[in-house]
Amino acid sequence: MSSCQTCKDPSKVLQSIMSIDVLSVTKRQEGFQFVNEVESESDSDVEMTNNDEKPESNTIANDGTIVTPGELVTDDPVWMRGHGTYFLENQTYASVAGTVSRVNRLLSVIPLRGRYTPETGDHVIGRIAEVGNRRWKVDIGAKQHAVLMLGSVNLPGGVLRRKSESDELQMRSFLKEGDLLNAEVQSLFQDGSASLHTRSLKYGKLRNGTFLQVPSPLVVRSKKHTHNLPGNVTVILGVNGFVWLRKTSEIDTANNTSSVAGRNAAALSGASGEYKPGSNSVSITRLEEESSWEIYSDKNDPISESMKRTITRYSNVIKALAHCEIGLTEARVVAAYEASMTFSHVGSLIERENMESIGQDVINAEKMRGNS
Amino acid sequence: MAKDIEISTSESKFLIEALRQGLRPDLRKFEEIRDVGITFGKDYGDVTVTMGKTKVHCRISCSIAQPYEDRPFEGLFYISTETSPMAGAQFENGNNTGEDEVLCSRIIEKAVRRSGALDVEGLCIVAGSKCWAVRADVHFLDCDGGFIDVSCIAVMCGLLHFRKPDVTVSGEQVTIHPVEEREPVPLGVLHIPICVTFSFFNPEDAEENIKGESNNEICLIDATLKEELLRDGTLTVTLNKNREVVQVSKAGGLPMDALTLMDCCHKAFKITEKLTDKITEVLKKDIESRNQHSAMLSSENARVS
Amino acid sequence: MSRLEIYSPEGLRVDGRRWNELRRLECSINTHANASDGSSYLEQGNNKIITLVNGPQEPKLRSQTNVTKAVLSIAVNITRFSKTERSKSSHRNERRVLEMQTALARTFEKNILLHLYPRTQIDIQIHVLQQDGGLMGSLINGITLALIDAGIAIYDYISGVSIGLYDTTPLLDLNTVEESAMSSVTLGVMGRSEKLSLLLVEDKLPLDTMESVLAIGIAGSHRIRELMDKELRKHGEKRLANISSNQ
């Protein structure tokens, strides 16, 4: 009859009184039935943390098992403790609910959910939160705002030009609070916050489209995060879960034809007629010099209504994929877009059943392709 | 209690290290309270309580008021514990919504008012229309930790010491007899709650505290201001002489073993007994000293003998 | 009130429970995915509580920044319609609510690994939709779940429950009727240990019975922890299955 909780307790008083079970009801639907504490089960539970129970000790929770905070992951001292764990002497405990991950000797627990953690090289989308002293603070959905230094952006007039005091004074005319931009994580500070840069023509201010946010784990880091989709729409899947959908511009088509970064500018210069009419120069420096105020423009290009509908449809199918917790890839977005064509009304796409059916379609299509 | 005072890292390390070796800065034992000094003023219900450098003044006053409609047989009783910069620069004037101020006033409220230390039914004069409203104003004069403990003693001493004017009721007619005319009557105090505050320190890291089995957290009684600033957790136990727990408040802070907390309660009881005796003794002395003169002046003696 | 039999000689309470029986406890997490980083909905008997956790995020005010650890703030919103009678005040700045917020913040400050999130702020908002006694315990359970859902590192679960003492019998997990008829103790227990993070006694209680009250309280809290853990694992497994089939 002695209850498990006091097995280890030295006190006689507490122990004698604790020889009671706690009753609890879980579901009203099942009638008010009393579920007696399953002693055997909780016994083993307790011993897992307190005693060296034979099957659990020295072994480690396997890769991918779910652990919850306070749970003993291993009592083997050989492991290095990574994120999501804490330790006391030899015991390593989980501090978040998630899955155990082992990389060589590094043991960590990956939380099921959590904020985006920036890493160097991530392509992210952010929103300017604050204009400060020679820097912008950018909300990238991480624990802290990222920093975008004035020195890490391309200013009108080209890279090689020095940042002058007048630039500092007119920082708001480049990027002001609320503006969206895409950028790359340049480096990380000691406390985990990020420093960004936009020193490439594929980064910079965003316009001609719409923004949406999905949980960040759904966007997997890959070589390319900008995709030109059918229907003349371009999607930027930020690693931080921020997504931008826009009308495909010349820069996008140029980027798409040659994804090698070095040749971007060259390819672009050929297609940059719209931006710099009359310029036929192929020189990169020339191009940089001429990258004009237009990259910081707030004006949208004229967008036709059908284009707007297409963008909205993409936006809603991405919401549907996110709802079904399906990782976002170019192929999946396209597949979902095609699947969504059965619904003529774009607005109906975000109804729960429709989102689930689209998600199911995408999964099924993928399975079929995998099998065949 | 103080937010704005900060202690340098080296000093805090020094203090914790000293505690680990069993030493407190003022060389008290861990479970030793500072001397409590109780002085009464000229008037009834005017009391100043000191404990080390902490100094609290409490004044009890009363007036006639109308009872609450839902409780026609009960008098009113308010306790006001407002801090002012007088006690220390860390207290803001007129701002009593700070965490510690709220906790302090709530604990006093629970310890004295909600526990029924004052017999509010005895304050009723005419049911539903007239009753005494008793007011305890606590003033913090100097702060060196232990506000809750000291103010509780101060309020209780004040209530025990206070005398309200005598009244006679004949029908609807209520006569209040001035103190000069008729000997005022004491309030009905049902029990004397005593607060004892424990401060917990974690000599090791948080992991040891939560997962370890050593339970070697340090536990001090009656911390000074410096110790209060550094503590990781606190427990205020209010008890009375009848072995009743009046109130316990461990509002978060360092997790402590249930048995250690029980142990604290038992320690607190010993202190409660000691302090209750002290309070009754001091009160007795004060009344004696007052009666000394009245006995001389009274004409009653001659008649009785 | 006095006509009601709080604890019958047969050992049944007003709502038909035994002395050592918890109320029905149901909980779910990730209920408000768009509004917050972590959320939970908890029903403990007739207590219905929504908890939202936002953060760690950039502090709203520069002055609130702490360079060594995260700043935790808790706001408790007790709705006007949470009791049988609609309350006239919004409870916002009542001392009782301020005390609750302080106690909750201090409880979780020692449980969250705040040093992992310097220069950030963690905001917890609680909405009490319905209350029926033992509110403080339910708030603790709700916060624990929401914090775990938000992926914020904590040392262990904290589970809360209230216990009353009727004559000499301790009664586990009080409802409003019982709470107003007897003195009650609220506990916040750290994980599977017997360490109390929170201990509140608000009314008179004989010193010598306290131990038995604490014992049943700790046992009850452990039980609540198990129930919450079960729900979390269920949620986690569902999620994992979902993700592995989708990627």
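Looking at an unreviewed UniProt entry, one finds chain C named Ribosomal RNA-processing protein 41, with Lachancea meyersii CBS 8951 as its source organism. Turning to chain C, the UniProt annotation filed under Sequence similarities (unreviewed entry) states: "Belongs to the RNase PH family."

Looking at an unreviewed UniProt entry, one finds chain A named LAME_0E12552g1_1, with Lachancea meyersii CBS 8951 as its source organism. Its UniProt record gives chain A a comment under Sequence similarities (unreviewed entry), which states: "Belongs to the RRP4 family." Its UniProt record gives chain A a comment under Subcellular location (unreviewed entry), which states: "Nucleus".

Summing up its helical and strand segments, chain C has four helices and ten strands in all. Counting from the amino terminus, helix and strand elements in chain C follow one another as β-β-β-β-α-β-α-β-β-α-β-β-β-α. For 247 residues, the compact-globule formula gives about 18 Å, and the C-alpha radius of gyration of chain C, at 19 Å, lands near that figure. Across the 247 residues in chain C, those meeting the buried criterion constitute 66%. Long-range pairs, those at least 24 residues apart, make up 68% of the contacts in chain C with a sequence separation of at least 6. Surface exposure of chain C reaches about 9,000 Å², of which carbon and sulfur atoms provide 49%.

Our next topic: the domain arrangement of chain A. Residue and element names in this part refer to chain A. Each assigned domain of chain A is listed here: domain 1 (65-111), domain 2 (114-206) and domain 3 (207-255 + 303-371). Taking only C-alpha atoms, the centre of domain 2 and the centre of domain 3 are 26 Å apart. Carbon and sulfur atoms make up 62% of the area that domain 2 and domain 3 hide from each other, which totals about 1,400 Å². Among the residues domain 2 hides against domain 3, the three largest losses belong to His123, Ile125 and Leu206. Together they make up 45% of the total. Here domain 2 and domain 3 share two salt bridges between them.

The next point concerns the pattern of salt bridges. Counting across every chain of the model gives 56 salt bridges over all chains. Across the pair Arg243(B) and Asp208(C) runs a salt bridge, and its minimum N-O distance is 2.8 Å. Taken as a pair, Arg243(B) in the loop between strand 13 (233-240) and strand 14 (244-250) and Asp208(C) in the loop between strand 10 (205-206) and helix 4 (210-246) lie in two separate chains rather than in one. Taken together, the shared-partner salt bridges connect Arg106(B), Lys110(B), Arg114(B), Glu99(C), Glu202(C) and Asp203(C) into one network.

All right, on to the pairing of strand 8 (residues 123-132) of chain A then. Residue and element names in this part refer to chain A. Where strand 8 and strand 11 (residues 180-188) come together, five bridges link them in antiparallel fashion. Bridge assignment links Arg127 to a residue of strand 11, and that residue is Leu180. The pairing of strand 8 with strand 9 (residues 135-139) spans five bridges and is classified as antiparallel. Within the sheet, the bridge partner assigned to Glu130 lies in strand 9 and is Lys137. Counted between consecutive antiparallel strands, the loop separating strand 8 from strand 9 contains two residues, among which Arg134 sits at a positive phi close to 55°.

Right, let's talk about unusual backbone geometry for a bit. With omega at 0°, the peptide bond leading from Gly55(C) into Pro56(C) counts as cis. On the secondary structure map, Pro56(C) appears in strand 3 (residues 47-57). Phi is positive for Asn208(A), which is not a glycine, with a value near 60°. Positionally, Asn208(A) belongs in the loop between strand 13 (204-205) and strand 14 (209-213).

Turning to the sheet that holds strand 1 (residues 66-67) of chain A, a few remarks are in order. Within a sheet, neighbouring strands are paired by backbone hydrogen bonds and run either parallel or antiparallel to one another. Residue and element names in this part refer to chain A. With respect to topology, four strands assemble into an open sheet ordered 1-6-7-3, the strand pairing being mixed. The open sheet is flanked by strand 1 and strand 3 (80-81), the only strands paired with a single partner. Two strands pair when backbone bridges link them, and strand 6 (residues 98-103) and strand 7 (residues 106-111) are joined in this way by six bridges, in the antiparallel orientation. Across the sheet, Thr99 pairs through a bridge with Ile110, a residue of strand 7.

Of all hydrophobic cores here, the largest spans 154 residues; its most connected members are Ile38(B), Val112(B), Leu159(B), Phe198(B), Ile122(C) and Ile126(C). Of all the elements, helix 6 (residues 258-297) of chain B adds the most residues to this core, at twelve residues. Contact partners of Ile38(B), with chain neighbours within four places excluded, come to Val47(B), Thr48(B), Val49(B), Ile153(B), Cys157(B), Ile279(B) and Val282(B). If you look at the next biggest cluster of nonpolar residues, it comprises 34 residues, including Val219(A), Val243(A), Val317(A) and Val362(A).

Right, let's talk about the side chain of Ser184(C) for a bit. Residue and element names in this part refer to chain C. Here Ser184 shows up in strand 8 (residues 183-190). We classify Ser184 as buried; its relative accessible area is 8%. Apart from residues lying up to four places away in sequence, Ser184 is in contact with Ile163, Gly164, Leu174, Glu179, Leu200, Val201, Glu202 and Asp203.

The subject of this paragraph is the sheet that holds strand 2 (residues 72-74) of chain A. Residues and elements named next belong to chain A. The sheet built from three strands is open, its strands ordered 2-5-4 with antiparallel pairing. Across the chains shown, the open sheet's two edge strands, defined by having one partner strand only, are strand 2 and strand 4 (85-88). Pairwise comparison of adjacent strand axes, ignoring direction, gives a mean angle of 40° for this sheet. Where strand 2 lies against strand 5 (residues 91-94), two bridges are found, and the strand directions are antiparallel. What sits directly across from Thr74, in strand 5, is Thr92.

Each value, and the rule that gives it
Each chain has its residues counted from 1, following the order in which its sequence is written. The order in which chains are written sets their letters, starting at A; the order in which ligands are written sets their numbers, starting at 1. Where local features are concerned, this predicted model is filtered to residues with pLDDT of at least 70; where side-chain atom pairs are given and counted, the filter is 80 or more; whole-chain, interface and lining totals use all residues. In computing side-chain properties, one takes all heavy atoms of the structure into account and sets aside hydrogens as well as water. UniProt positions are given in the numbering used here, feature names are shortened, and annotations may be inferred rather than shown by experiment. Under the DSSP-based scheme used, a helix requires at least four consecutive residues in state H or I and a strand at least two consecutive residues in state E, with every element numbered from the N terminus. Note on method: radius of gyration uses C-alpha positions; expected globular size equals 2.2 Å times residues raised to 0.38. Each residue's exposure class comes from its accessible area (1.4 Å probe, protein chains only) as a fraction of the maximum for that residue type: buried when under 20%, exposed when over 50%, partly exposed otherwise. Residue contacts follow a heavy-atom distance rule, with two residues in contact if any of their heavy atoms lie within 4.5 Å. The protein chains shown are the only cover counted for residues, whose accessible areas, like all others here, come from Shrake-Rupley with a 1.4 Å probe. For the purposes of this description, domain bounds are those given by an automatic or database domain assignment. Buried area is a sum: the accessible area each of two parts loses on coming together, probed at 1.4 Å, counted once for each and added. A side-chain nitrogen of Lys or Arg and a carboxyl oxygen of Asp or Glu constitute a salt bridge if their distance falls within 4 Å. If DSSP finds at least two bridges between two strands, the strands pair. Buried residues of nine kinds, namely Ala, Val, Leu, Ile, Met, Phe, Trp, Tyr and Cys, make up a nonpolar core once their side-chain atoms join them within 4.5 Å. Axis geometry follows a simple rule: fit a line to the C-alpha atoms, using only the stretch in contact for helices, then measure angles between N-to-C directions, giving values from 0 to 180 degrees.

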